[in-house]
Amino acid sequence: MKVEFDRDTCIGMFQCVAEWDAFEKNEDAGKADLADSEETDDDVFVREVPADAELDAKFAARSCPVDAIVIYDDDGEQLIP
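The sections below set out a description of the structure shown in this document. Nothing here was measured: the structure is a model prediction, and the numbers come from that model. (Residues numbered from 1 in each chain as written. Predicted model: local features only at pLDDT ≥ 70, side-chain atom pairs only at ≥ 80, totals over all residues. Heavy atoms only, no water.)

Remarks on the state of the cysteines
Per the stated rule, a full pass over the model turns up 0 disulfides. Just so you know, cysteine 10 is unpaired, no disulfide at all, and the nearest cysteine sulfur is the one on cysteine 16, 6.1 Å from it. Cysteine 64 carries a free sulfur, and the closest cysteine sulfur to it, the one in cysteine 10, is 6.5 Å from it. Classification of cysteine 64 by relative accessible area gives buried; the value is 13%. (Disulfide = S-S within 2.5 Å. Buried < 20%, exposed > 50% of the residue type's maximum accessible area, 1.4 Å probe, protein only.)

Structural data, given as structure tokens:
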């Protein structure tokens, strides 16, 4: 499973931070950061989701009010949103 985070879309509500510890508050920028991720495009960050964090990652994506977090399964199919 993979998570993609569009940091430009993020509005800094930090609901994702409460759901999954891979997301961290960046109060200076007013946006969240995705730890251990790789920037694949301008302000788009991707990382693998550990098996034991899949549920937390899904909750983080569902909690984002602007759909800045997308979850993909191992076959590349978009699961959330």
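Some thoughts on unusual backbone geometry
Omega for the peptide link from isoleucine 80 to proline 81 comes to -10 degrees, which places this bond in the cis form. As for its placement among the helices and strands, proline 81 is situated in the segment after strand S7 (78–80). The phi dihedral of phenylalanine 14 is positive, around 65 degrees, even though this residue is not glycine. Residues other than glycine seldom take positive phi values, yet aspartate 43 does so here, at roughly 60 degrees. (Helix = DSSP H or I, 4+ residues; strand = E, 2+ residues; numbered from the N terminus.)

Re the sheet that holds strand S4 (residues 38–41)
Strand order across the open sheet formed by 5 strands is S4-S5-S1-S6-S7, with antiparallel pairing between neighbours. One side of each edge strand has no neighbouring strand; the edge strands of this open sheet are S4 and S7. On average, adjacent strands in this sheet sit at an angle of 35 degrees to one another, irrespective of strand direction. Alignment of strand S1 (residues 2–6) against strand S6 (residues 69–72), held across 4 bridges, turns out to be antiparallel. Within S6, the residue paired with glutamate 4 across the bridge is valine 70. Strand contacts of helix H2 (residues 54–63): S6 and S7, with the helix running at about 140 degrees to S6, the strand carrying the most contacts. (Pairing = 2+ DSSP bridges. Axes fitted to C-alpha atoms, helices over the stretch in contact; angles between N-to-C directions. Contact = heavy atoms within 4.5 Å.)

A short note on a negative patch on the surface
On the surface, Glu19, Asp21, Glu24, Asp36, Asp52 and Asp56 cluster together into a negatively charged patch. Tracing the backbone shows glutamate 24 in strand S2 (residues 23–26). Residue glutamate 24 is classed as partly exposed on the basis of its relative accessible area, which comes to 39%. (Patch = residues over 30% accessible without salt bridge, like charges linked within 9 Å, V, L, I, M, F, W, Y side chains within 5 Å. Areas by Shrake-Rupley, 256 points an atom, 1.4 Å probe, with all protein chains shown as cover. Salt bridge = Lys/Arg side-chain N within 4 Å of Asp/Glu carboxyl O. Lys, Arg positive; Asp, Glu negative; His and termini not counted. Charge placed at Lys NZ, Arg CZ, Asp CG, Glu CD.)

Details of the nonpolar core
Ranked by size, the top nonpolar core spans 21 residues in total, and within it Phe5, Trp20, Phe23, Ile69 and Ile71 carry the most contacts. Counting residues per element, the ones that place at least two in this core are S1, strand S3 (31–34), H2 and S6. Residue contributions to this core peak at 3 residues, all from H2. Residues in contact with phenylalanine 5, not counting those within four places in the same chain, are Cys10, Phe23, Ala32, Asp33, Leu34, Asp43, Val44, Phe45, Ala68 and Ile69. (Core = buried A, V, L, I, M, F, W, Y, C linked by side-chain atoms within 4.5 Å.)

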